[in-house]
Amino acid sequence: MTSTGLTDLEGRRARLRRISVVFAVELRLKIVTELYAREMSPTQFYNEFGGGSISRVTRNFERLDESGWLEYVRSEGPGGSRRGGVERFYRATELAFFDAETWALLPYSIRVAFSWNSFKQIASRLRDAIETGKVTASASLGLTHKSACLDQEGWDNAIEMIRTHFEFLSEEQRESSLRLARASDSPLRVSVIQIAFEPPSEVAGAIAPSIVESLEEPFVPLPVRLSKVFADDVAMGIIAEANRREISAKQFHAEIGGDTAAGIRRRFTKLAGIALLTEVEAKTGGRRRGAREKFYRATGPAIFDSRSGPWVDTPRSLEEADIWRQFEGLSVEVKDAMKAGTFDARDDSCLAWSLLSLDAHGWCAVMESLDELRLFIDAEQDRASSRMTQSGEKPVTMTVALAAFESPKETEREP
């Protein structure tokens, strides 16, 4: 590996360690998401969203500020309801998301777990929007879902345009915030969904590594569990190996190392305790004598668990909504692709959910940009067809889902 390659790898690992700061406490992810859309003080955040206590919220604001996730904007006070106190306001410097290079560094089991967790959040957000009337039951234009037949150049062009659109959303968020501050209008909370992946091929069959599917979702949220891994290169290495084969702590220490035998055993135990590894076999005899050597595989999400999630106990009104039926069709395709391993097989597959606070102008701009993105992908399919006629290249299918809809404001305060 070249020195440049080593530098790039260290940069990606540093990015993971940085993200682990946000993921370590569920409240921090909420703070970063909300403060990317608008400036807030700890007191203002606590009054609106809770968080245990004002001191707990303040401590997490300070930790995010120290690590560069928040930046100080201004102060107000003393005086008024603050009495002698000063209220400090902050903005988030960026969203906690994975760029393509960092995403490629993650073991498959972590990628599919994170993708499934994100898709369930999208489903919950859409369900809430329909049930609260933010999206009408007959709405069909809020979600488009289609397949595009592309060559490799067409795939690359489509993915690049989706990434450009994601960057446009961030810029429109900033512009809307400036306009809202001048006009003192109430913002629209908008969810924008961008999904692009390769569906399973009847010819190729399943290509997923042989990971073990969870029987049920652990109580600890996935980002919190992942934070314990992203900050530990050795733990990441253990999960990567457990994606490839059955492996024991003793075997990992002998072949790869990274810490003492006791340190490796502790990591295996911790990773199994947070449902990122699963014990699949225990061997005795031979050089083990009376000892039991436990072997593990990486653990994937409970994708087909029908006992929980946004699809359970849906009311009749929701089942009859055109947009929900369309989304359920997309959900089946996503589940099948994750089960087969094609959803996250490509490093450049996309699943992005952006929660924005927009003014009316920003809302119109986002809707127009989605229409332009859809038209670009249609045109790219036509161009790819012409190229493949000349080159004879085999086509690849891309499933694309794009949506934008007004989201209800969360009313449940964190305890």
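Owing to the predicted nature of the structure, the values given are computational and were not obtained by experimental measurement.

Rules and cut-offs
- Residues numbered from 1 in each chain as written.
- Predicted model: local features only at pLDDT ≥ 70, side-chain atom pairs only at ≥ 80, totals over all residues.
- Heavy atoms only, no water.
- Helix = DSSP H or I, 4+ residues; strand = E, 2+ residues; numbered from the N terminus.
- Contact = heavy atoms within 4.5 Å.
- Buried < 20%, exposed > 50% of the residue type's maximum accessible area, 1.4 Å probe, protein only.
- Polar contact = N/O pair within 3.5 Å; in protein donor to acceptor, adjacent residues only side chain to side chain.

What about the environment of I377?
Okay, step 1: As for its placement among the helices and strands, I377 is situated in helix 14 (residues 360-391).
Okay, step 2: As for I377 and V400, which are separated by 23 residues in sequence, their C-alpha atoms are 9.0 Å apart.
Okay, step 3: Sequence-distant contacts of I377, that is, excluding residues within four places in its chain, are made with A148, A158, I162 and V400.

A look at the environment of R18
Okay, step 1: Examined against the element boundaries, R18 turns out to sit in helix 1 (residues 3-23).
Okay, step 2: Assessed through its relative accessible area of 24%, R18 is described here as partly exposed.
Okay, step 3: Considered as a pair, R18 and W69 are 51 residues apart in the sequence and their alpha carbons are 8.9 Å apart.
Okay, step 4: Leave out the neighbours within four places in its chain, and R18 touches S67, G68, W69, T93 and E94.
Okay, step 5: There is a polar contact of 3.5 Å between the side chain of R18 and the backbone oxygen of G68.

Digging into the side chain of E241
Okay, step 1: Relative to the assigned elements, E241 resides in helix 9 (residues 233-244).
Okay, step 2: Engagement of the side chain of E241 in a polar contact is seen with the side chain of R244, the distance being 2.6 Å.
Okay, step 3: Polar contacts involving the side chain of E241 include one to the side chain of R245, which spans 2.9 Å.
Okay, step 4: Setting aside chain neighbours within four positions, we find E241 in contact with I247, F252 and I256.

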